[in-house]
Amino acid sequence: MPHHRTHLAWLALPLACLASACDGGTEPDPPLDGSIEVNLQIEGDGLQGVQVRLDDTEGVASSRFAITDAMGAASFDGLEEGLYEVSLGTVPDHVTVEDTQQQTTLNRQRPTARVGFAGVRKRDATVAVEVRVEGVGIPGLTVELSGPEQRSAETDQEGVARFEGLLRGHYEVRLTGYDPERLAFGETTGGLDANGNQAFGLEFAGTEVPRVPDIPSDFAAEAIDAFEVALSWTDNADNEEEVVLERRIAGVSDWTALATLDPDQVAFDDTVQPATDYEYRLRACNEHGCSEPWVEAAASTPQIPPAAPTDLVAAATGATSVGLTWTDASNNEVRFDIERRVGAGGTWVAVAAVGAGAVSWADSGLAAGTEYGYRVRACNDAGCSEFTDPASVTTVVVP
């Protein structure tokens, strides 16, 4: 059988040459079975689902179409020699391919041609996420994006986390970084499509969890002088409406209200009395109650010298005795010092010390018909007052 087919082929050759007017008895070349391989890459990744069109530039054959696969590849087979144009159909909105049309040639020296298209992903999407609690923006909370790319950011002072230069596409948004004992949100996740220069927004709305303020700390009391105590503390609350301050004299009195202070106040100056032991306590309060327990601090004011006595009077009660009286102008003396001199120019000499609260003293053993001067001062552990103005008297002359 093979030999028979060969014999028939030779018999048919002259007829074929006559029909085609061939010269020299040479058999014509068979048609070219060429191919064009197309590849579409976006930043190194194949792009699937894009239509590719193939056109014969001489218009001999009709247009052919193919769809890129998961590797971004498409191919056309069984092509004749000639110049071909390869063009891409509509590409997805999230990518850009600048050159979507190319030409290539097929011939017997180049039966296979490869045409590559390259593009980039668009990075012009913006997402703005607002976090508000009872209408007020909350800073410092974390917002996480997941989708075409992963990002995270903290909310600013207005409670906004803004993401710019994103790849286009669908994003899932998640709110984290808040204290659930302080804030409550109905939703902490959401989704949106970011597809252009417009800022696509999402808002998380929350409320404050009802709670009493945190207790203040580092409460300290310091006596600045005998009449002032300086109080200071650390404010640990962010939801107080007032700070309540109370005081008592240690071991003597009960707690009494001293002041109701503004929220966030962390210092107070108290007007006090000398030589007294004071105790203080404070707590932060709001509509839900006050912090517990009370924080306490103590301070002791120093003693001060007593005020000078007044209205000193000296009167002769006989030839050898004088009586003194004065007004006690202080409440913290422990004694009164009494000094005496003979005549207007004599030297002052201490003659007596009487106890606290005394307002008189009697001098005796004096010389008759002699002038004496007296002065008095009040004293305690902190010092003594000034002396009174001198009071003069002359003892009675004996006949």
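For the structure itself, look to the data block above.
Asker: Can you break down unusual backbone geometry residue by residue, with the values?
Answerer: Most of the time, phi is negative for any residue but glycine, and the peptide bond is trans. Between Glu-292 and Pro-293 the backbone carries a cis peptide bond, its omega angle lying at -10°. Positive phi, normally seen in glycine, also occurs at Glu-134, with a value near 55°. The residue Glu-134 is located in the loop between β10 (125–133) and β11 (136–137) in this model. Taking the relative accessible area as the measure of exposure, Glu-134 reaches 53% and is therefore exposed.

Asker: Run through the packing of aromatic side chains, naming residues and quoting values.
Answerer: The final tally for this structure, using the stated rule, is four aromatic pairs. Arranged with centres 6.0 Å apart and planes meeting at 75°, the rings of Phe-219 and Trp-233 form a pair that is edge-to-face. With Phe-219 in strand β19 (residues 217–225) and Trp-233 in strand β20 (residues 228–234), the pair connects residues that are 14 residues apart, well separated along the chain. Each member of the pair, Phe-219 together with Trp-233, is buried. Lying over the aromatic face of Trp-294, Arg-281 brings its terminal NZ or CZ to 4.4 Å of the ring centre.

Asker: Account for the state of the cysteines, with residues named and values stated.
Answerer: On inspection of all chains with the given rule, the structure shows two disulfides. With its sulfur 1.8 Å from that of its partner, Cys-285 forms a disulfide with Cys-290. Disulfide Cys-285-Cys-290: torsion about the S-S bond near 105°, hence right-handed. Residue classification places Cys-285 among the buried positions, given a relative accessible area of 3%. Disulfide partner of Cys-379: Cys-384, at an S-S distance of 2.0 Å.

Asker: Please give an account of the pattern of salt bridges that cites residues and values.
Answerer: Going through the model one piece at a time under the given rule, you end up with 25 salt bridges. Arg-53 serves as the salt-bridge partner of Asp-55, at 2.8 Å between the closest nitrogen and oxygen. You can call Arg-53 partly exposed: its relative accessible area is 35%. Across the pair Arg-151 and Glu-149 runs a salt bridge, and its minimum N-O distance is 3.4 Å. The network of salt bridges with shared partners includes Asp-179, Arg-182, Arg-211, Asp-214 and Asp-238.

Rules and cut-offs
What you see as residue numbers is a count from 1 along each chain, following the sequence as written. Totals for whole chains, interfaces and linings use all residues, but because this is a predicted model, local features are given only for residues with pLDDT of at least 70 and pairs of side-chain atoms are given and counted only at 80 or more. The basis for every side-chain value is the complete set of heavy atoms in the structure, and neither hydrogens nor water enter the calculation. Counting from the N terminus, the helices are the DSSP runs of H or I reaching at least four residues and the strands are the DSSP runs of E reaching at least two. Think of it in three bands: residues with accessible area under 20% of the maximum for their type are buried, residues over 50% are exposed, and the middle band is partly exposed, with areas taken using a 1.4 Å probe on protein chains only. By convention, a stacked pair of Phe, Tyr or Trp rings (six-membered ring in the case of Trp) has centres within 6.5 Å and planes under 30 degrees apart, an edge-to-face pair has planes over 60 apart, and any other such pair is tilted. Look at NZ for Lys and CZ for Arg. If either is within 6 Å of the ring centre and within 35 degrees of the ring normal, a charge sits over the ring. Sulfur atoms of two cysteines make up a disulfide when they are within 2.5 Å. One side-chain nitrogen of Lys or Arg within 4 Å of one carboxyl oxygen of Asp or Glu is enough to make a salt bridge.

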